[in-house]
Amino acid sequence: MRPSLPRGRQMMQSQNSVIRMKSIVNSIRILGVALALTASETASAETREIEHIWGVTRIDAVPERIVSLSFNGADNWLALGVVPLAYRVWYAGDETGLWPWASEVLGAARPVQLRGGIDMEAVARREPELIEAMYSGLTLAQYRSLSRFAPVIGPPPGTGEFEAGWDQMIRTFGEVMGREADAERIVTGLEGSFQATR
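My aim in this report is to walk through the structure given alongside it, one point at a time.

**Considerations on the pattern of salt bridges**
Scanning the model with the defined rule gives seven salt bridges in all. The partner of Glu-184 in a salt bridge is Arg-171, with the nearest N and O atoms 2.8 Å apart. Pair noted here: Glu-184 is in helix 7 (residues 180-197) and Arg-171 is in helix 6 (residues 166-177), with a separation of 13 residues, a long-range link. Residue classification places Glu-184 among the partly exposed positions, given a relative accessible area of 34%. Since its relative accessible area comes to 33%, Arg-171 is described here as partly exposed.

See the structure below:
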């Protein structure tokens, strides 16, 4: 059992956390909106091969109909300026199922919200061009079943079902969309914000 901190230190840590979160929120908002509006890189149509724990997924074209099964997937797609067709809702948030730093980037779009366990039929009904499941709890059996409908991206090699880092996810999403440099700018910008609030 972790010992409790003195009240003064608890309040100081809480205030620091709020300041840190506000800085991160502002960074995501600025980066996400800028990328959504400018799309500074033209997406490439060349074939992409994405490695994950169950092998390699081949993506032959830049997908438009993306279903994100990761509990934190929507945040990372939106940071890149990409609005998924449907996304998994973790908990709380506003009517979009997202927290402020993501719902503001979403704007007027209202993708389908997926709640609870992975509903294979609900995913298939969306007729996705890509199913992203890097941080989702997806099983190998589910991966094989969903792969009949669309390319599926599982957790990165060497990770578990809930171990993909936010930076890994954004870089992978950038690779999928042919926007690696945009993804790298987001990661670098956020890492700089983290450093500035420490």
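**Details of the sheet that holds strand 3 (residues 66-68)**
Each strand in a sheet pairs with another by means of backbone hydrogen bonds, the pair being arranged parallel or else antiparallel. Spatially, the five strands line up as an open sheet ordered 5-4-3-6-7, and their pairing is parallel. Looking along the sheet, the strands with just one partner apiece sit at the ends: strand 5 (112-114) and strand 7 (152-153). Note that strand 3 and strand 6 (residues 130-132) share three bridges and pair parallel. From the neighbouring strand, Val-67 faces strand 6, where its bridge partner is Ile-131.

About the criteria used
- Residues numbered from 1 in each chain as written.
- Predicted model: local features only at pLDDT ≥ 70, side-chain atom pairs only at ≥ 80, totals over all residues.
- Heavy atoms only, no water.
- Salt bridge = Lys/Arg side-chain N within 4 Å of Asp/Glu carboxyl O.
- Helix = DSSP H or I, 4+ residues; strand = E, 2+ residues; numbered from the N terminus.
- Buried < 20%, exposed > 50% of the residue type's maximum accessible area, 1.4 Å probe, protein only.
- Pairing = 2+ DSSP bridges.

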